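# Summary of the model geometry
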Amino acid sequence: MDEQATKLIHQAMPFAQRLGIEVLEHSKDLVRTRLAWEHSLTTLGESMHGGALMSLADATGAALAYSNLPEGAQRTTTIESRTSFLRPVGSGHATASARPLHVGRRVIVVETEIHTDTGRLAAKVTQTQAVV
């Protein structure tokens, strides 16, 4: 775990801290984070709630977008997000890996994959971040 990057993301996004999101790796080309399965984050069948997975993807994508801000920009904000859920996360961690698809002056498009501890793809998210 990258403790310094985790502390920064928690300061910038208090909701990420509340969920317990940890940063594993952070660069302009890749941000990897994880969220531990716990009962309070589940839905029917003890699977991690889709909202928790979407929050993990949104925080991870936002961190990547922020790392790619053009000179003079202050922040980003999500303006669109599309999630495809492929399988449940029923234990361990959900690990998100975000990569840039497009880095422009007005928008940044990010693709995030969420995997289970066994490496199986649980969700794929494409989000558009407005540059502010």
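Just so you know, these numbers come straight off a predicted model, no measurement behind them.

## Things to note about unusual backbone geometry
It is generally the case that most residues other than glycine have a negative phi and that most peptide bonds are trans. A positive phi angle is found at E46, which is not glycine, with a value near 65°. Structurally, the position occupied by E46 is in the loop between β2 (31-36) and α3 (50-67). E46 gets classed as partly exposed once you look at its relative accessible area, which sits at 35%.

## Some remarks on the pattern of salt bridges
Counted under the stated rule, the structure contains four salt bridges. For the salt bridge of R34 with E22, the shortest nitrogen-to-oxygen distance reads 2.6 Å. Of the two residues, R34 is situated in strand β2 and E22 in strand β1 (residues 22-26); the sequence distance between them amounts to twelve residues. For R34, a relative accessible area of 25% gives the class partly exposed. With a shortest N-O distance of 3.2 Å, E25 and R32 are connected by a salt bridge. Judged by relative accessible area, E25 falls into the partly exposed class, the value being 34%. R32 gets classed as partly exposed once you look at its relative accessible area, which sits at 27%. Connected via shared salt-bridge partners are E111, E113 and K124.

## Regarding the UniProt feature "domain: Thioesterase" (unreviewed entry) in the protein
Following the UniProt record, one finds the feature "domain: Thioesterase" (unreviewed entry) at residues 47-122. The span residues 47-122 is 24% helical and 42% strand by assignment, and the distance between its end C-alpha atoms comes to 11 Å.

## Some thoughts on the side chain of T6
Along the polypeptide, T6 turns up in helix α1 (residues 3-12). What makes T6 buried here is its relative accessible area of 6%. Here the side chain of T6 touches D2 through a polar contact of 2.9 Å, landing on its backbone oxygen. Once residues lying within four places of it in the same chain are set aside, the contact partners of T6 are M1, I21, E22 and V23.

## Thoughts on the nonpolar core
By size, the foremost hydrophobic cluster in this structure holds 18 residues, and its most contacted members are I21, L35, M48, L56, A94 and I114. Listing elements by their share of this core, those giving two or more residues are α2 (14-19), α3, β4 (93-103) and β6 (121-131). Of all the elements, α3 adds the most residues to this core, at five residues. Ignoring sequence-local partners within four residues, the contact set of L56 consists of I21, T33, R34, L35, A94, A96 and I114. Judged by nonpolar contacts, the second largest core, of twelve residues, contains I9, L69, I108 and V110.

How each quantity is defined
Residues numbered from 1 in each chain as written. Predicted model: local features only at pLDDT ≥ 70, side-chain atom pairs only at ≥ 80, totals over all residues. Heavy atoms only, no water. Helix = DSSP H or I, 4+ residues; strand = E, 2+ residues; numbered from the N terminus. Buried < 20%, exposed > 50% of the residue type's maximum accessible area, 1.4 Å probe, protein only. Salt bridge = Lys/Arg side-chain N within 4 Å of Asp/Glu carboxyl O. UniProt positions renumbered as here; feature names shortened; annotations may be inferred. Polar contact = N/O pair within 3.5 Å; in protein donor to acceptor, adjacent residues only side chain to side chain. Contact = heavy atoms within 4.5 Å. Core = buried A, V, L, I, M, F, W, Y, C linked by side-chain atoms within 4.5 Å.

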